[in-house]
Amino acid sequence: MLTIVRFLWASFAIWTAYALHPSEAGVVDWHKALLGVPLTRPDFHRTTGAHGATRSVVLTATSNNVIGAVHPENGTVAWRYLFEDRDPVVGYKAYNDRLATLSGPGGATFRILDVNSGHLLHELHLHSADSGRLFEPVNLGVAIAFDDSDKSKDTFVLTNGHTLRRINGKSGDIVWGWTSPDQTSLVVYSKVVTTSDAIYLIGLAKSFASYTVHVSAISPDNGELLSDADVPSSIINGPQGLIVVSHEGTRGKSVRLAWLEQARIHSVALTPQLKDKPTIKKGSAYLQVHDIGLQEKGLFVATKEDGSGRVIRFSEDGALKVFWEFADSVKSPKYTESTYAGGLDKDGWPYIARVYWSHVFRQASAHVLAPHLAEGKGLVTGFTFPFETQKHGIIANLWQQDQHQWTREESLADIRVAEMVELPEPQLVASQVGIEETESFGARLRRQLADAQDFPQYAINFAKRFATGSYASASSSIAPASNDTSPLSRDTFGFRKIIVAATSHGKVFGIDSANGEIIWSRVFGLGWAAEVGGRIFPLKIFTTRTVSDGDTPQVVIVGQRKADNSLVDTVAFHIDALTGEDVSGTSIGQDILQGQDVIAGALVEAYLFQDGPTKYVVLLDEYLQVHLFPDTPENADSFHKVAPSIHLPLRTGTAGSHRLGGHKVSPEKEFTGRHIAYPIWTASLPPNEDVRSIVTRPHEPVASLGKVLGNRTTLYKYLNPGVVVVLTSTSTPSGPATSCGVYVIDGTKGTILYHANLPAAGGVCDVKAAFTENWLVYHYYDDGSANADQAKSYRMVSLEFYEGSGVDDKTSSSDLSAYSNDTTRISVYEQSYVFPRGISTITTTSTKFGITVKDILVAGNNHQVQSFPRRFLDPRRPNRKPTAEEQEEWLIQYDPLLPDDPKRVLSHRYQVARIRKIITSPALLESTSLVFGYGVDLFFTRVAPSKTFDVLNENFNKAQLVLTVAGLALAIVITKPMVRRKRLRERWYAS
């Protein structure tokens with residue numbers, strides 16, 4: 001028996017080592033690489049190769065701290081460079097085949113990338129992050145300029161608002177550096193302009209009521225200060241109103257600085273001596289100047305107070321002149337304010353585009369000015385193009401004339417909440433339903449013959465499937481064909497679902513889990529805040545109706561609406577998960593998705609309650625009043641019945657001093673007309689400890705209430721439904737965290753069941769935890785501060801909670817009263833392991849009935865999603881060789897180092913960038929769990945922790961089985977008469 005057990009254990013170890021078979025890579029999963037929402041206008045950049053061939057990319061820096069390039073012909077990602085969170089991008093500039101970037105506080109780190117491949121060529125740390133100046137906005141005080149006067153590819157870099165360096169383009173070394181004497185105490189520089197004679201630093205000097213333009217001229221050869229001057233000016237709007245334009249003439253490069261002051265355009269010529277006086281452009285009053293990226297062509301746009309746009313040109317005589325005025329650009333209720341942009345064609349000619357939205361025709365319009373045409377007088381061409389503003393919001397796509405080229409939904413890089421929703425079964429459509437009573441005999445006969453014409457083919461296909469076993473495969477792709485127009489429906493095994501995901505950029509998507517394609521998308525409406533502006537921040541998502549409820553699936557998204565006038569309230573969006581339609585009827589057709597105002601203030605917490613087939617959302621406001629959504633009489637009666645039995649552990653207090661308190665809901669409505677949650681206990685935590693988050697146990701089926709040991713005794717799982725995991729941080733007043741805490745607390749009365757004190761590495765508490773059934777796993781970094789003899793490492797701690805004081809001590813924790821003393825009588829098994837790396841999120845797999853063993857899923861800082869088997873994290877692993885009884889429990893000897901098995905990397909060859917959260921959902925197969933991770937990228941796959949035990953192996957020879965059964969049946973048919981005759985003869989002889 002022992003030999004058999006060992007053999008089975010070896011077999012188990014072999015087949016569980018593979019989380020993903022090589023043949024399944026790219027078939028059962030998909031990956032969408034994203035960049036994020038651009039922080040500034042994306043830039044078209046073109047390079048010319050050795051043989052005159054040109055290559056173009058669209059460069060952008062995004063809110064996800066990514067710099068990347070997109071192919072303009074199809075919108076795919078050419079390359080991307082991911083910056084660390086502590087190293088934010090503050091500036092970039094491309095020149096020829098190079099892209100220079102500055103990142104970190106004040107531009108602490110300088111990098112040179114290849115503009116076509118993204119390969120890192122040079123990296124240089126200019127100053128420490130601690131000495132970096134923090135400005136608002138973050139790109140203030142940093143600038144990049146290239147030396148275009150020679151072939152050295154040298155770069156001039158401004159950092160901290162006061163230091164200029166020249167960096168060698170070949171070696172990446174610093175040639176020279178110059179630092180302003182006042183070091184931003186008076187002047188903060190924000191722009192760098194290069195000429196062959198001087199390098200100009202342009203900034204603003206502080207004064208009482210406004211800013212004054214300040215210019216310094218630096219020698220490009222040795223970094224010496226040539227001249228320094230304050231330009232007479234009075235600027236209110238800051239450095240964004242400064243525009244530098246240049247012109248290449250017969251006398252070389254001329255540079256002029258322009259700004260807006262008292263509704264007039266002022267400008268001054270930049271020369272090494274800085275002796276020129278500013279001039280004022282006479283004529284119209286202007287409201288704003290726009291940098292359209294054509295400074296080197298001497299062009300920018302200024303809008304007048306009535307909204308009309310004018311193109312201003314730096315002419316050869318050194319003056320700024322009006323070159324063009326866009327017709328019909330005056331403010332009007334018929335169309336939106338215009339947006340202006342500039343660019344160059346492949347021959348280097350400039351173009352200026354004016355884009356706006358027409359409320360009358362509900363189309364976007366573009367007017368494109370070519371200044372070089374019509375003998376230098378300029379020529380405008382115009383066109384309209386269809387744009388679904390209800391679907392895409394503001395324009396962020398690529399169009400060529402009126403032809404749509406591609407769309408990138410980059411808001412998906414900032415998903416806040418997501419849910420996987422089950423799809424309905426395929427619907428069989430009966431022909432001629434409901435006309436049988438009125439049709440004639442001949443018509444009925446013809447209909448039935450038409451319906452039966454496909455029967456022979458069906459019979460042949462059925463026989464073929466039966467004989468060969470060519471049924472649906474658990475490892476095959478479920479993606480629909482490109483020309484499939486059938487309604488959304490689930491596949492045989494329930495692998496295909498719709499992912500409803502809401503982003504912080506005011507948009508919600510329905511994504512097909514089969515291939516990652518977007519099925520539908522809607523833009524969140526702002527309601528009353530549309531008049532003042534604002535944003536919707538999704539906080540929670542709940543599935544309130546599933547296909548098993550007999551209707552189309554529905555979800556409710558709870559969001560915080562933050563208006564630009566500082567008012568905050570809570571809204572709920574009720575959505576059909578299959579189509580994105582508004583279930584509540586608040587929106588009109590496919591118009592902007594409008595929500596329903598639920599709370600006139602901030603949200604404290606929201607829960608999904610279920611009473612039989614009825615599901616509704618319970619929300620708590622700042623005064624702990626209960627709000628229901630949908631707020632119907634049926635839901636109100638349902639909640640009133642269960643209100644006395646509800647216990648809610650809530651995080652209360654202010655930022656930095658959050659506490660954990662238990663609350664009970666009043667059995668009757670208060671004078672406000674609502675139920676109110678009132679406190680009944682407060683967790684006994686130290687006064688300087690801040691509650692960072694609460695981790696709850698997911699609502700999943702529990703297949704087994706206990707674990708049978710090898711000696712036939714039982715450990716019963718501690719399944720108290722009120723237990724929560726609390727993550728805390730301890731810090732000194734206004735200082736970094738000094739320690740972190742992990743608590744397991746009985747949420748019904750506040751009893752602490754488990755507590756661990758952890759080090760705060762680098763003054764930050766970065767503890768990640770997952771909690772399911774009676775199993776808790778948390779991850780942290782141990783910097784060795786608590787124990788000098790202990791090596792620095794990432795740690796994974798695994799705990800299991802059982803009822804009573806030991807084996808066979810059953811207290812029925814899942815059914816105990818909240819006031820029973822047995823709720824705190826538990827046994828805890830704990831073990832710590834060294835983990836290979838840091839992680840950004842952690843969760844467990846989930847299956848339909850909870851029978852399959854659960855794996856731990858993590859997103860590592862190596863941009864990979866990986867699974868770890870529960871047997872490796874079993875806290876009962878012995879420190880010695882397992883006994884025969886322990887081997888029957890599949891226990892293996894304890895090893896402090898968790899194996900980093902590359903075969904268990906679910907994302908295999910994909911670089912899945914910065915996954916913030918992983919959600920799992922059960923398939924129809926008990927063995928399989930669906931996995932969706934989102935962050936900068938999106939990733940979907942399916943895993944079978946115990947292998948697909950509920951599906952026959954694809955290599956199973958069904959044909960042989962059918963032939964064997966058929967042969968046995970034939971043998972029975974042949975031998976049965978023979979046996980009957982033999983028995984008859986025996987009776988005759990016996991008689």
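Refer to the structure printed above.
Below or above, wherever it landed, is the structure these notes cover. Just so we're clear, the structure is a prediction, and the values are computed from it rather than from any experiment.

For the rest of this paragraph, the subject is the sheet that holds strand S40 (residues 603-611). Overall, antiparallel pairing links the three strands, which are arranged S40-S41-S42 in an open sheet. Lying at the two open borders of the sheet, with one neighbouring strand each, are S40 and strand S42 (626-629). Strand-to-strand twist of the sheet, defined as the mean angle between neighbouring strand axes without regard to direction, takes the value 25°. Here helix H5 (residues 633-642) sits on the sheet and contacts S40, strand S41 (614-621) and S42; the angle it forms with S41, its principal contact strand, is near 75°.

A separate point is the environment of Val 70. Position of Val 70 among the secondary structure elements: in strand S4 (residues 66-70). For the pair Val 70 and Arg 408, spaced 338 residues apart in sequence, the C-alpha separation works out to 9.9 Å. Setting aside anything within four residues of it in sequence, one finds Val 70 in contact with Leu 35, Val 57, Val 58, Gly 75, Thr 76, Val 77, Ala 78, Trp 406 and Arg 408.

Moving on to a positive patch on the surface. Together, Lys 976, Arg 980, Arg 981, Lys 982 and Arg 985 make up a region of like positive charge exposed at the surface. For Arg 980, the position within the fold is in helix H7 (residues 958-990). Among the residues examined, Arg 980 registers a relative accessible area of 51% and is labelled exposed.

Here we take up a nonpolar patch on the surface. A cluster of nonpolar side chains, contributed by Leu 952, Phe 956, Leu 961 and Val 965, occupies part of the molecular surface with about 380 Å² of accessible area. By the secondary structure assignment, Phe 956 is in the loop between strand S61 (938-943) and H7. We classify Phe 956 as partly exposed; its relative accessible area is 38%.

This next bit is on H5. Residues Asn 635, Ala 636, Ser 638 and Phe 639 constitute the buried set of H5. An end-on view of H5 places all buried positions within 165° of arc, on one side of the element. Of the residues in H5, the exposed ones pointing more than 90 degrees away from the buried face are Pro 633, Glu 634 and Lys 641. Looking at the buried residues of H5, the elements they touch are S40, S41, S42 and strand S44 (659-665).

Right, let's talk about the side chain of Lys 497 for a bit. Relative to the helices and strands, Lys 497 resides in strand S33 (residues 497-503). No salt bridge forms around the buried Lys 497; measuring N to O, its nearest opposite-charge neighbour Glu 422 is 5.4 Å away. Here the side chain of Lys 497 touches Ser 921 through a polar contact of 2.6 Å, side chain to side chain. Here Lys 497 is in contact with Met 420, Val 421, Glu 422, Leu 423, Ile 511, Asp 512, Ser 513, Ser 921, Pro 922 and Leu 930, once residues within four sequence places are set aside.

This part is about the pairing of S33. Along S33, seven of the seven residues are buried, which leaves the element largely enclosed by surrounding structure. Of the two faces of S33, both are covered, the one formed by Lys 497, Ile 499, Ala 501 and Thr 503 as well as the one formed by Ile 498, Val 500 and Ala 502. Note that S33 and strand S34 (residues 507-512) share five bridges and pair antiparallel. Residue pairing for S34: Ile 499 is matched across the bridge by Ile 511. Count of turn residues in the S33/S34 antiparallel hairpin: three residues, of which Gly 506 carries a positive phi of about 75°.

What counts, and at which threshold
Each chain carries its own residue numbering, running from 1 in the direction its sequence is written. Local features in this predicted model are restricted to residues of pLDDT 70 or higher, and side-chain atom pairs are both shown and tallied only at a pLDDT of 80 or more, whereas totals for entire chains, interfaces and linings draw on every residue. Heavy atoms throughout the structure, all of them, feed into the side-chain values; hydrogens and water do not. Two strands qualify as a pair provided DSSP detects at least 2 bridges between them. Secondary structure elements are taken from DSSP: a helix is a run of H or I of four residues or more, a strand is a run of E of two residues or more, and numbering for both begins at the N terminus. To obtain an axis, a line is fitted to C-alpha atoms, over the contacting stretch when the element is a helix, and the angle between two such axes runs from 0 to 180 degrees between their N-to-C directions. Should any heavy atoms of two residues lie within 4.5 Å, those residues are counted as being in contact. Each patch is built from salt-bridge-free residues with over 30% relative accessible area, joining like charges within 9 Å and nonpolar side chains (Val, Leu, Ile, Met, Phe, Trp, Tyr) within 5 Å. For the accessible areas, the method is Shrake-Rupley and the probe is 1.4 Å, while residue cover comes only from the protein chains on display. Salt bridge, as used here, is a side-chain nitrogen of Lys or Arg placed within 4 Å of a carboxyl oxygen of Asp or Glu. The charge count includes Lys and Arg as positive and Asp and Glu as negative, but it does not include His or the ends of the chains. Charge coordinates come from a single atom per side chain, which is NZ of Lys, CZ of Arg, CG of Asp or CD of Glu. Categorising residues by exposure relies on relative accessible area from a 1.4 Å probe, with only protein chains included: less than 20% of the type maximum marks a residue as buried, more than 50% marks it as exposed, and the intermediate range marks it as partly exposed. When we speak of the arc, we mean the arc of directions from the helix axis to the C-beta atoms. In protein, a polar contact means a hydrogen-donor-capable atom and an acceptor-capable atom, both N or O and within 3.5 Å, with residues adjacent in sequence counting only if both atoms are side-chain atoms; elsewhere, any N or O pair within 3.5 Å suffices.

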